[in-house]
Amino acid sequence: MKAKSKISMMILLSFLLFILGGCTTHSASGKKTDEKDGDKTIHIGYQKFGSLNFLKAKEVLEKKLKPLGYKVKWTEFPGGPQLLEALNVGSLDFGHTGEAPPIFAQAADAPLVYFANEPANPKGEAILVPKDSKIKSIKDLKGKKVALNKGSNVHYLLVRALEENGLKYEEIETAFLPPSDARTAFEKGAVDAWVIWDPYLAEAQKQTGARILLDGTGLVHNREYFLTSKSFAKKHPDILDIVIEELEKEEEWVSNNQSEAAKFLAPQIGMDQETLEVVLERRPFGIEKITDERLNDQQKIANKFYELKLIPKKINISDAK
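Just so it is clear, the structure is predicted and the values come from calculations on it, not from any experiment.

A. Quick peek at the confidence of the model for the protein. Chain-level pLDDT for the protein is 88 on average; 88% of the residues reach the 70-or-more range. This stretch, residues 1-37, has a pLDDT under 50; its non-local contacts, to residues over four places away or in other chains, come to 26 contacts.

What follows is the structure, given as structure tokens:
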């Protein structure tokens, strides 16, 4: 009798473990699994600043998707490369980055799809030097240490700036650092220059008096792209259309109410209103569905990165269409 009771207890415990195990949100591989049958969640990755920040802060998407049975889970990332790494391992469904991160991610076989993009914003990224720096031109960067977030949009700005000024990529020393660490290194004088994007760019200008050596004008488009995983794009195109529709509404409000928008977002991301007003003033608005022209722009960047051996293999951008 005791033996039967012991066996029954073991069966009960095994059953409970099975049930509890089925309620986890991630598998051992780190990939998403539904918490229970019928639960639908869209996992969105966002960065310090962008139209997605307004959606998150206002909880607009949650209200729109709730009647359809969807939940929204938000995760912040320091940059596009880190965000797409999460998409690559299956932890995200949707997110935004600049031009370069999707190229590095696709070269690493990430199952991504270009869904939409923002207009070109060349003034939204720049190469900064300290206000008292003796560096006066891009040519003066020869032999100097330059900080940047590896694989981010500014990586391509640096490549183009050097190319246009007769310098080889190998003639400078790169220090690959995320924005917060790069800012510290920049202020301490551990690096000679810093290639960075808004809002970090505007904040550094305001707080440190940093001088813009060169921005992206005439060199790069600096577009923001909205990307999704291939599996999510295939299974939930209707949800993606809703996300873009809500983003368009938020952008229209922001473009027409920039001061109010800056005041609203400032406490959400820990930046002052004045800095965000500068960012919004030089930022264009207008989300567009992805086109072959935009994919061709991306292909040119990918070809250049392969030529410089920054990515390990040639890629076909249209594979991510």
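B. Looking closely at the nonpolar core. If you look at the biggest cluster of nonpolar residues, it comprises 77 residues, and the most contacted ones within it are Ile-103, Leu-112, Tyr-114, Ile-127, Leu-141, Leu-158 and Phe-305. Of the residues forming this core, the biggest block, seven residues, is contributed by helix H6 (residues 153-164). Beyond its immediate sequence surroundings of up to four residues, Tyr-114 is in contact with Pro-102, Ile-103, Gln-106, Tyr-225, Phe-226, Leu-227, Ile-290, Leu-295, Gln-298, Ile-317 and Ala-320. Listed in part, the 23 residues of the second largest apolar core include Leu-61, Tyr-70, Val-72 and Ile-287.

C. Region of interest: the packing of aromatic side chains. Within the structure shown, the criterion is met by nine aromatic pairs. With a centroid separation of 5.0 Å and an interplanar angle of 50°, the aromatic rings of Phe-104 and Phe-305 are classed as tilted. One end of the pair, Phe-104, is in helix H5 (residues 100-107); the other, Phe-305, is in helix H13 (residues 292-307), and 201 residues separate them in sequence. For the pair shown, Phe-104 and Phe-305 are each scored as buried. Arranged with centres 5.3 Å apart and planes meeting at 80°, the rings of Tyr-114 and Tyr-225 form a pair that is edge-to-face. Placement of Tyr-114 in strand E4 (residues 112-117) and of Tyr-225 in strand E10 (residues 225-229) is noted, with a sequence separation of 111 residues between them. Owing to a relative accessible area of 2%, Tyr-114 belongs among the buried residues under this scheme. Here the aromatic residues Phe-54, Trp-253 and Phe-264 are joined through ring pairs into a cluster of three or more. One cation-aromatic arrangement involves Lys-58 over Trp-253; the distance from NZ or CZ to the ring centre is 3.5 Å. Here Lys-58 stacks its cationic end above the ring of Phe-264, 5.7 Å away from the centre of that ring.

D. Molecular detail of the packing of helix H7 (residues 179-188) against helix H8 (residues 200-208). Interaxial distance between H7 and H8 falls to 12 Å at its minimum, and their mutual angle equals 25°. In this view, H7 runs roughly parallel relative to H8, as classed from their interaxial angle. When you trace H7 past H8, the crossing you get is right-handed. For the pair formed by H7 and H8, the contact residues are Pro-179, Arg-183, Phe-186 and Glu-187 on the first element and Tyr-200, Glu-203, Ala-204, Gln-207 and Thr-208 on the second. Looking at the contact of H7 with H8 residue by residue, the classes come out as four nonpolar, two polar and three charged.

How each quantity is defined
The numbering scheme is per chain: residues are counted from 1 as the chain's sequence reads. Where local features are concerned, this predicted model is filtered to residues with pLDDT of at least 70; where side-chain atom pairs are given and counted, the filter is 80 or more; whole-chain, interface and lining totals use all residues. Side-chain metrics in this entry use all non-hydrogen atoms of the structure; hydrogen atoms and water are not considered. Confidence scores labelled pLDDT are given residue by residue by the predictor and lie between 0 and 100. Contacts were defined at the residue level, with two residues in contact if any of their heavy atoms lie within 4.5 Å. We define a nonpolar core as any set of buried Ala, Val, Leu, Ile, Met, Phe, Trp, Tyr and Cys residues linked to one another through side-chain atoms lying within 4.5 Å. Working definition: with a 1.4 Å probe on protein chains only, accessible area under 20% of the residue-type maximum means buried, over 50% means exposed, and in between means partly exposed. Counting from the N terminus, the helices are DSSP H or I runs at least four residues long and the strands are E runs at least two residues long. Two rings belonging to Phe, Tyr or Trp (six-membered ring only in the last case) form a pair when the distance between their centres is within 6.5 Å. Interplanar angles under 30 degrees mark stacking, angles over 60 mark edge-to-face geometry, and anything in between is tilted. Placement of a positive charge over a ring is assigned whenever Lys NZ or Arg CZ falls within 6 Å of the ring centre and within 35 degrees of the normal to the ring plane. For helices, the axis comes from a line fit to the C-alpha atoms of the stretch in contact; other axes are also lines fit to C-alpha atoms, and the angle between any two N-to-C directions lies between 0 and 180 degrees. Here the word oblique covers every angle except those under 35 degrees (roughly parallel), over 145 (roughly antiparallel) and from 65 to 115 (roughly perpendicular). Helix crossings are classified by the rotation of the near helix relative to the far one: an anticlockwise turn of less than a right angle makes the crossing left-handed, while a clockwise turn makes it right-handed. Gly is put with the polar residues, along with every residue not named as nonpolar or charged; the nonpolar set is Ala, Val, Leu, Ile, Met, Phe, Trp, Tyr, Cys and Pro, and the charged set is Asp, Glu, Lys and Arg.

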